[in-house]
Amino acid sequence: MVENVIWPVALDADRSRSDGRRVPLDLAVEEPTVDEIAKAVQQVGYDAVIERDKTYPREYEARGRVVVKDADDATKSDLLGAVAAYMQALRE
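Residues numbered from 1 in each chain as written. Predicted model: local features only at pLDDT ≥ 70, side-chain atom pairs only at ≥ 80, totals over all residues. Heavy atoms only, no water.

*Asks:* Describe the pairing of strand S1 (residues 3–6), with residues and values.
*Replies:* Across the two faces of S1 the burial differs, with Asn4 and Ile6 buried and Glu3 and Val5 not buried at all. Strand direction decides the pairing type here: S1 and strand S3 (residues 65–69), joined by 4 bridges, are antiparallel. Each residue of the ladder has a partner; that of Val5, found in S3, is Val67. (Buried < 20%, exposed > 50% of the residue type's maximum accessible area, 1.4 Å probe, protein only. Helix = DSSP H or I, 4+ residues; strand = E, 2+ residues; numbered from the N terminus. Pairing = 2+ DSSP bridges.)

Dropping the structure here:
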């Protein structure tokens, strides 16, 4: 059972790669929330669990994280790319 963790900073357009962004800037969105990420993960076809009290190690305030369960068939990069693309579609 593979669990991937998606932090909001990984999809944040306001962050640089060295600050933790994991997707290309053209796929990133501004100020992603864990609710949006969880919705996108579910639309992509995986189960998502929101943990709101978690803090990314390089940040001071808790924005939470999303744990993706049973993502055996996708790499983390592929998963992040699909979630980011879906989040952009949600915001349009």
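*Asks:* How would you summarise the nonpolar core if you had to cite specific residues and measurements?
*Replies:* Of all hydrophobic cores here, the largest spans 21 residues; its most connected members are Ile6, Leu11, Ile37, Val41, Val68 and Val83. Mapped onto this core, the elements with two or more residues apiece are helix H1 (34–44), S3 and helix H2 (76–91). (Core = buried A, V, L, I, M, F, W, Y, C linked by side-chain atoms within 4.5 Å.)

*Asks:* I'd love a proper account of the sheet that holds strand S2 (residues 47–51), names of residues and values included.
*Replies:* With respect to topology, 3 strands assemble into an open sheet ordered S1-S3-S2, the strand pairing being antiparallel. Where the open sheet ends on each side, the last strands, each with one partner, are S1 and S2. For this sheet, the mean angle separating the axes of adjacent strands, direction not counted, is 25 degrees. Sheet contacts for H1: S1, S2 and S3; angle to S2, the most-contacted strand, approximately 170 degrees. Contacts from H2 reach S1 and S3, with the element oriented near 45 degrees to S1. (Axes fitted to C-alpha atoms, helices over the stretch in contact; angles between N-to-C directions. Contact = heavy atoms within 4.5 Å.)

Take it as geometry only, folks, not as evidence of what the structure does.
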